[in-house]
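# Residue-level structure breakdown
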Amino acid sequence: MFMRIDHIGIACRDLEEKIELFSSLFELEVVAREINEEQGVKEAMLHVADGEGGGSYIQLLEPLSEDSPVGKFIAKRGEGVHHVAFGVPDVEGAMATIGGKGVRLLDERPRHGSMGSRIAFLHPKDVGGMLTELVEAAKQQ
Ligand code: V0V
Ligand code: CO
C-alpha cells in the first residue's frame, strides 16, 4: 500500500504562539487554517515539502474545549506530538486493509479533514502507542 507522511499533528495550548515558534524556527509558511467543530480543533497547516502524491505538513492543533480529543490529551500529557498522519491514495481501501489486520478503526467512515481531505483515525493502542491518521488528500483541481 502506497503511504507517505502527510502531517505530524502537534497539540498546542495557544495556536498563534506555536505558529510563531514553528514559522520562525523552521521558516515554515502557514498555508491553511480551519476550525473543525467535529474534531474539536482550531488548526493551522505549515508546509514542509512537496512529494509524490501530495505535500507534507506540520499541523498545529488548539483544542476548542477541554473534553475534545486534543483537550484531553493536553490535560493528561501536556503539549507535544499528538498524531502521525499517513497519506494514502484511497482512504476507504486503507481502512479496510488495516482494519483487516485487527487494528481498531476510530471512525466507521472517513470524516472531513484539513484542506478538503478525507481522514480516519486508528487506535493508538493498536499502533505501538501512536495515534495514527489516514489522509486522502483532496484531488488537485
Ligand atoms: C490518547 N491516548 C493516546 C493519545 N490519546 N496515545 C497516543 N497518542 C494520543 N494522541 C491513549 C491514552 O493515554 C490512553 O492510554 C488510551 O489512549 C485511551 O485514551 P483515553 O484518554 O482514555 O481516551 P480518549 O477519550 O482521550 O480517546 C483517545 C482517542 C481519541 C485516541 C480514542 O482521542 C480519538 O478518537 N482521537 C481521534 C480524533 C482526534 O484525535 N482528532 C483531533 C485531531 P492509557 O492512559 O489508558 O494507557 S483532528 C485532525 O488531525 C484533523 C482535522 C486533520 O488532520 O485534518
Ligand atoms: Co491530523
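Residues numbered from 1 in each chain as written. Chains lettered and ligands numbered in written order. Predicted model: local features only at pLDDT ≥ 70, side-chain atom pairs only at ≥ 80, totals over all residues. Heavy atoms only, no water.

Under the annotation held in an unreviewed UniProt entry, the protein chain carries the name Methylmalonyl-CoA epimerase and is attributed to [Actinomadura] parvosata subsp. kistnae. The annotation that UniProt attaches to the protein chain under Sequence similarities (unreviewed entry) is "Belongs to the methylmalonyl-CoA epimerase family." (UniProt positions renumbered as here; feature names shortened; annotations may be inferred.)

## A look at the nonpolar core
Ile10, Cys12, Leu15, Ile19, Phe22, Leu28, Ala44, Leu46, Ile58 and Leu60 form the largest nonpolar core, which has 10 residues in total. Among the secondary structure elements, those contributing two or more residues to this core are helix H1 (15–26), strand S3 (41–51) and strand S4 (54–63). It is H1 that contributes the most residues to this core, three residues altogether. Excluding residues within four positions of it along the chain, leucine 60 makes contact with Ile10, Cys12, Leu15, Lys18, Ile19, Phe22, Lys42, Glu43, Ala44 and Leu46. Formed by nine residues, the second largest nonpolar core is a distinct cluster that contains Ala94, Ile98, Ala120 and Leu134. (Core = buried A, V, L, I, M, F, W, Y, C linked by side-chain atoms within 4.5 Å. Buried < 20%, exposed > 50% of the residue type's maximum accessible area, 1.4 Å probe, protein only. Helix = DSSP H or I, 4+ residues; strand = E, 2+ residues; numbered from the N terminus. Contact = heavy atoms within 4.5 Å.)

## Here we look at the pairing of strand S1 (residues 4–11)
For S1, the tally of buried residues reaches six of eight residues, placing the bulk of the element in the interior. By the bridge criterion, five bridges tie S1 to S4 in an arrangement that is parallel. By the bridge assignment for S4, glycine 9 is matched with glutamine 59. (Pairing = 2+ DSSP bridges.)

## Side note on the coordination of the cobalt ion (ligand 2)
With distances of 2.1 to 2.2 Å, the protein atoms coordinating the cobalt ion (ligand 2) are His7 (NE2), Gln59 (OE1), His83 (NE2) and Glu133 (OE). Read in sequence order, the donor residues coordinating the cobalt ion (ligand 2) give the pattern H-x51-Q-x23-H-x49-E. Here histidine 7, found in strand S1, pairs with histidine 83, found in strand S5 (residues 80–87); they are 76 residues apart in sequence, far enough to count as distant. Judged by its relative accessible area of 2%, histidine 7 falls in the buried class. For histidine 83, a relative accessible area of 3% puts it in the buried group. (Donors = N, O, S within 2.8 Å, 3.2 Å for Na, K, Ca; no water.)

## Brief notes about the site of ligand 1
Taken together, 22 residues lie around ligand 1, and Gln59, Lys72, Ser114, Lys125 and Glu133 are the ones closest in. One of the backbone nitrogen or oxygen atoms of serine 114 is found 2.8 Å away from an oxygen atom of ligand 1. With respect to ligand 1, the side chain of glutamate 133 contributes an N or O atom lying 2.7 Å from an oxygen atom. Summarising the interface, the protein chains cover 76% of the accessible area of ligand 1, which totals 1,000 Å² for the free molecule. Of all elements in the fold, only helix H2 (69–77), S5 and strand S7 (118–122) reach the threshold of two or more residues within the shell around ligand 1. For the shell around ligand 1, a count of residues per class yields eight nonpolar, nine polar and five charged. (Near = heavy atom within 4 Å. Polar contact = N/O pair within 3.5 Å; in protein donor to acceptor, adjacent residues only side chain to side chain. Areas by Shrake-Rupley, 256 points an atom, 1.4 Å probe, with all protein chains shown as cover. Nonpolar A, V, L, I, M, F, W, Y, C, P; charged D, E, K, R; others polar.)

## Details of the sheet that holds S5
Strand pairing in a sheet takes place through backbone hydrogen bonds and is either antiparallel or parallel in direction. Spatially, eight strands are ordered S2-S3-S4-S1-S5-S8-S7-S6 in an open sheet, and the strand pairing comes out mixed. Bordering the open sheet on either side are strand S2 (29–36) and strand S6 (111–112), each of which pairs with just one other strand. Contacting S1, S2, S3 and S4, H1 runs over the sheet at an angle of about 145° to S4. Running at roughly 140° to S5, H2 makes contact with S1, S3, S4 and S5 of the sheet. (Axes fitted to C-alpha atoms, helices over the stretch in contact; angles between N-to-C directions.)

## Comments concerning H2
All buried positions along H2 are accounted for by Val70, Gly71, Phe73 and Ile74. Each buried residue of H2 lies within a common arc of 160° when the element is viewed along its axis, so the set occupies one face. Turned more than 90 degrees from where H2 packs its buried face, Lys72, Ala75 and Lys76 sit exposed. Buried residues along H2 sit in contact with S1, S3, S4 and S5. (Arc of directions from axis to C-beta.)

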